[in-house]
Amino acid sequence: MTHSTYPHLFAPLDLGFTTLKNRVLMGSMHTGLEEAKGGFERLASFYAERARGGCGLIVTGGIAPNRAGRLSPFASKLTNESEAKEHALITQAVHEHEGKIVLQILHAGRYAYHPFGVAPSRIKSPISPFKPWPLTTCGVKRTISHFARCARLAKQAGYDGVEVMGSEGYLITQFLSAKTNKRRDDFGGDYRNRMRFPIEIVKAIRAEVGEDFIIIFRLSLLDCVPFGSSWEEITELALALQEAGVTLLNTGIGWHEARVPTIATMVPRGAFTSVTKKLKQVVKVPVITSNRINAPDQVESLLADETADMVSMARPFLADPDFITKAKSDESERINTCIACNQACLDEIFQGRQATCLVNPQAGYETQKPLIPVKESKDIAIVGAGPAGMSAALYSAKRGHHVTLYESANEIGGQFNLAKQIPGKEEFYETLRYFANELNAAGVKIKLGHRAVVNELLDYDHIVVATGITPRQPAIPGIDLPHVHSYLEVLQGKVAVGKQVVIIGAGGIGFDVATYLCEQSNQSIEEFTTKWGVDLSMQTRGGITGETTFAVPSHEITLCQRKAGKLGKNLGKTTGWIHRAELKHYGVKQVNNIQYDKIDEQGVHVTRDGKAMFIPAESIIICAGQQSLTELVRPLENAGKSVHIIGGAKLAAELDAKRAIAEGLDCALAL
Ligand code: FAD
Ligand code: NAP
Ligand code: SF4
């Protein structure tokens, strides 16, 4: 039966030998469980949860077809039958929930983070310290056979198909580009020869697995590097892949070494989908679009306007395994939306840790952190409805406790109400919407505009103090002058900011305040592509013009820190470079290694390298970190109450929403 709200999303996709129940693909994500002890059991639960949630087709994290192709020395590979047996745990669990799953085959090529990496030519990538070994012609042919072996083993393990990773700058794309492929044999030279490698891989896989097995090829449609493919080359390859036997063509955007944001939160939703639409007009096989898609309405309209036959979302399934179920039952407003922050997923993976999700700390911990109903309901007061308090309240109520949430402001959300105002962080509105709906559905009593005091908390069985932080006021002479403001005053729009601005403190909030002063919220796709020099019409090689065009901001900003070293060093592993590049393009001056001597009416006096320096400023904004707000703790403990402290109230240093929300869950599990 046709779904009334999302008819295209819930239309089955007939692939001839099999049918997918809807048009949503869960894109490939490495979780870190692939290499963990007992990881396959946990991965089986992780994927089973997403299959139970109704996803049409799941793609696993990338698995190497041989040792050389591994991303890191101990990364997962599928090269023999005993490894295939471990994968069977995953496929069985998914099939038990009537899901379908394909294994992604990923050969890292010169992106390998170990000394045994191979590539078409001996050319080091800018993002790996290791120079790859060039493959001999025999080595190329052996690698092709390893892709085929991997696909055969995947079939044996019960997978419904494979996805060949042919984008993001990994081995296959390295063969395609003349800059990384200097070979003189049949696999190098002109484009016909350079594309021989992926075509031979697909042919070899098809020959090995037969006709009734899904082969997705993730094709790079926009390399975002100047030495990437031209549109003519991409279409030539797409048609040849179709001929070679692929079932579906997925969209890849950007080599990892590209200096264009492709999935981070400042990328407008669906920014790159138009290139998939361009491809759809060329090929007959179904195409899948991707990147910054995170809402069912958006999926529906991409399918309705024939941008693609399927839509891939990866991180949104970390954020909410029940995305599809909620859309199906017309409860989209209850979806826990991925805010594309990368903080708990990619940033963790890139530091060799396990992926989870900032807005869903149960992701990847399905077996360790289940919400077991309580035997005895307790009365619980939670003070503070910031991320920590909202999370503790929601999970406690879901376990069966009676929860009252106190918030002194007139809205829930705490500092998220400031974060949402930063251009490029508009997705925080979604988290606030999610918590508002879920707290209501879970029966949490919310007392807004109510500053909780000790006496009213004494009758509760447990009190959770989630009162957050207060901004630090550094002891700089002149800090009380009227043109010195806290970031709170600026972001709440309480003060006018002059043309010349000094920001004291260059942590996450210092960078955000500078962005707030330079940029408009809700940038369109066109504004984004103009800024970063992306050519969606694909008239230029790699879809990149080589010219960035950032508007001249209306403020002249100097961002300062006392530490030596680069500003913004501790920003997100995968997003810090974007914040630093943006401020550089906006002409924000960045000064490190200073001591603040005093502030006067004209500006800030500092000492740098033993020399006095003066930075003129009409406005000075203090972003010098925070201190915990804990005034309730001591009196409650003195009264013998059971007190739990979480989030900023527990520790202001190195606080972020990932920690705050995770501590809310852990606290709820302990109550
Ligand atoms: P808070 O968010 O401070 O919430 C505490 C709440 O308690 C407040 O709502 C306060 O009103 C209430 N309260 C205090 N005392 C009482 C009382 N006695 N009675 C009732 N209520 C009380 N983090 C990230 O991870 N990623 C980001 O991209 C990011 N961007 C940010 C951008 C900005 C501009 C700002 C300001 C912060 C950003 N953060 C970000 C930080 C993140 O918002 C905080 O780490 C998080 O909000 C801390 O959560 P919390 O619940 O501990 O505290
Ligand atoms: P922060 O990251 O700790 O940065 C505080 C800044 O103030 C630093 O530059 C520090 O550098 C400076 N500072 C500290 N004490 C000072 C003093 N006494 N006098 C002058 N300067 C001082 O804190 P934040 O920027 O307030 O951010 C708070 C939290 O929110 C962070 O931990 C962050 O994780 C989170 N957040 C995250 C993001 C994100 O994008 N992930 C964005 C915003 C906020 P020096 O000591 O070198 O001067
Ligand atoms: Fe999305 Fe952030 Fe969660 Fe990653 S951590 S899945 S980007 S919300």
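As the structure is a computational prediction, the values presented were derived from the model and not from experiment.

> What exactly am I supposed to notice about the overall build of the protein chain here?
Secondary structure summary: the protein chain contains 22 helices and 27 strands in total. The globule rule puts the C-alpha radius of gyration for 671 residues at 26 Å, and the 26 Å found for the protein chain is close to it. Along the first, second and third principal axes, the C-alpha set of the protein chain runs to 75 × 65 × 45 Å. Going through the 671 residues of the protein chain one by one, you find that 60% of them count as buried. In the protein chain, once contacts between residues fewer than 6 apart in sequence are set aside, the share between residues at least 24 apart is 72%. Of the roughly 26800 Å² of accessible surface on the protein chain, a fraction of 50% belongs to carbon and sulfur atoms. The averaged location of the 71 negative side-chain charges in the protein chain is 6 Å from the averaged location of its 74 positive side-chain charges.

> Please clarify how the environment of L481 should be interpreted in this entry.
Of note, L481 is situated in the loop between β17 (469-471) and β18 (484-486). Leave out the neighbours within four places in its chain, and L481 touches I599, D600 and E601.

> What's the story with the site of ligand 3 in this structure? I'm lost.
Ligand 3 sits among R315, L318, C338, I339, A340, C341, N342, A344, C345, C357, L358 and V359. Class assignment for the residues of the shell around ligand 3 results in 10 nonpolar, 1 polar and 1 charged.

> What exactly am I supposed to notice about the site of ligand 1 here?
As a matter of local geometry, ligand 1 sits amid 36 residues, with Q343, E407, K425, G648 and A657 nearest to it. Contact distances for ligand 1 include 3.0 Å between an oxygen atom and a backbone N or O atom of A388. S408 places a polar main-chain atom, nitrogen or oxygen, 3.0 Å from a nitrogen atom of ligand 1. Protein chains shield 92% of the accessible area of ligand 1, which is 990 Å² for the free molecule. Those elements that place two or more of their residues in the shell around ligand 1 are α13 (387-399), α14 (416-419), α17 (487-491), α18 (508-518) and α22 (657-670). Class assignment of the residues belonging to the shell around ligand 1 gives a composition of 19 nonpolar, 11 polar and 6 charged.

> Quick question: what am I supposed to make of the domain arrangement of the protein chain here?
How large an interface is tends to be reported as the accessible area lost when its parts come together. Domains assigned within the protein chain are domain 1 (13-349), domain 2 (379-470 + 627-670) and domain 3 (473-624). Placing a centre on the C-alpha atoms of domain 1 and another on those of domain 2 gives a separation of 39 Å. Roughly 1200 Å² of surface becomes buried between domain 1 and domain 2 when both sides are summed, with 45% attributable to carbon and sulfur atoms. Area buried by domain 1 at its contact with domain 2 is led by R334, I339 and Q343, which between them contribute 39% of it. Between the two partners, domain 1 and domain 2, sit 5 salt bridges. R334 is the partner of E438 in a salt bridge, and the nearest nitrogen-oxygen pair spans 2.7 Å. Grouping the constituent residues of the side of domain 1 that touches domain 2 by class yields 5 nonpolar, 6 polar and 6 charged.

> I tried to follow helix α1 (residues 39-52) on my own but got confused; where do I start?
An α-helical segment advances 3.6 residues per turn. Residues three or four places apart therefore align on the same side. Its 14 residues give α1 an end-to-end C-alpha distance of 20 Å, which sits within 8% of 20 Å, the value for a rise of 1.5 Å per residue. Within α1, 10 of the 14 residues are buried, leaving the element largely enclosed by the surrounding structure. Three or more residues of α1 are buried, namely G39, F40, R42, L43, A44, F46, Y47, A48, R50 and A51. Looking at the buried positions of α1, the neighbouring elements they touch are β3 (24-26), β4 (57-63), α2 (81-96), β5 (101-105) and α10 (315-319). Immediately beyond the C-terminal end of α1, within one or two residues, lies G54, with a positive phi of roughly 95 degrees.

> Help me understand the pattern of salt bridges, please; the structure alone is not making it clear to me.
Any two side chains of opposite charge can pair, given that their charged atoms come close. Summed over all chains, the structure comprises 30 salt bridges. The salt bridge partner of E366 is R50, with a shortest N-O separation of 2.6 Å. In this pair, E366 is assigned in the loop between α12 (346-349) and β13 (379-383) and R50 in helix α1, connecting sequence segments 316 residues apart. Side by side, E366 and R50 carry an identical accessibility label, which is buried. Sharing partners across several salt bridges, the network here consists of R269, R292, E427, E430 and R433.

> Even after reading the chapter, I still don't get α18, so can you show me in this structure?
Where burial is concerned, most of α18 is hidden: 8 out of the 11 residues are buried. Within α18, burial applies to G510, F511, D512, V513, A514, T515, L517 and C518. Summarising the contacts, the buried residues of α18 are in contact with α17, β19 (500-504), β20 (556-560), α20 (576-585), β21 (589-591) and β25 (619-622).

> Help me out: how do you make sense of the pairing of strand β22 (residues 594-600) in this one?
Here is the key point about a regular strand: its side chains alternate between the two faces of the sheet. Across 6 bridges, the pairing between β22 and strand β23 (residues 603-608) is antiparallel. For I594, the partnering residue across the bridge sits in β23 and is R608.

> I'm lost on the sheet that holds β13 in this one. Help?
Strands pair in a sheet through their backbones, by hydrogen bonds, and they do so in one of two ways: parallel or antiparallel. On the basis of which strands lie adjacent, the open sheet formed by 5 strands has the order β15-β14-β13-β16-β27 and parallel pairing. For this open sheet the edge positions go to β15 (445-447) and β27 (642-645), each flanked by a neighbour on one side alone. Here the average twist between neighbouring strands, direction ignored, is 20 degrees. One ladder, built from 4 bridges, connects strand β16 (residues 462-465) with β27; its direction is parallel. Bridging across to β27, H462 finds its partner in S642.

> In this structure, what is going on with a positive patch on the surface? I would like to understand it.
Together, R472, R562, K563, K566 and K569 line one region of the surface with positive charge. Overall, the relative accessible area of 62% leaves R562 in the exposed class.

> Explain the sheet that holds β18 here, please?
Strand order in this open sheet of 5 strands is β18-β25-β19-β20-β21, and the pairing throughout is parallel. One side of each edge strand has no neighbouring strand; the edge strands of this open sheet are β18 and β21. On average, adjacent strands in this sheet sit at an angle of 20 degrees to one another, irrespective of strand direction. Inspection of the sheet shows β18 paired to β25 by 3 bridges, in the parallel sense.

Analysis parameters
- Residues numbered from 1 in each chain as written.
- Chains lettered and ligands numbered in written order.
- Predicted model: local features only at pLDDT ≥ 70, side-chain atom pairs only at ≥ 80, totals over all residues.
- Heavy atoms only, no water.
- Helix = DSSP H or I, 4+ residues; strand = E, 2+ residues; numbered from the N terminus.
- Rg over C-alpha atoms; globule rule 2.2 N^0.38 Å.
- Buried < 20%, exposed > 50% of the residue type's maximum accessible area, 1.4 Å probe, protein only.
- Contact = heavy atoms within 4.5 Å.
- Areas by Shrake-Rupley, 256 points an atom, 1.4 Å probe, with all protein chains shown as cover.
- Lys, Arg positive; Asp, Glu negative; His and termini not counted.
- Charge placed at Lys NZ, Arg CZ, Asp CG, Glu CD.
- Near = heavy atom within 4 Å.
- Nonpolar A, V, L, I, M, F, W, Y, C, P; charged D, E, K, R; others polar.
- Polar contact = N/O pair within 3.5 Å; in protein donor to acceptor, adjacent residues only side chain to side chain.
- Domains from an automatic or database assignment.
- Buried area = accessible area lost by both parts, 1.4 Å probe.
- Salt bridge = Lys/Arg side-chain N within 4 Å of Asp/Glu carboxyl O.
- Expected span 1.5 Å × (residues − 1).
- Pairing = 2+ DSSP bridges.
- Axes fitted to C-alpha atoms, helices over the stretch in contact; angles between N-to-C directions.
- Patch = residues over 30% accessible without salt bridge, like charges linked within 9 Å, V, L, I, M, F, W, Y side chains within 5 Å.

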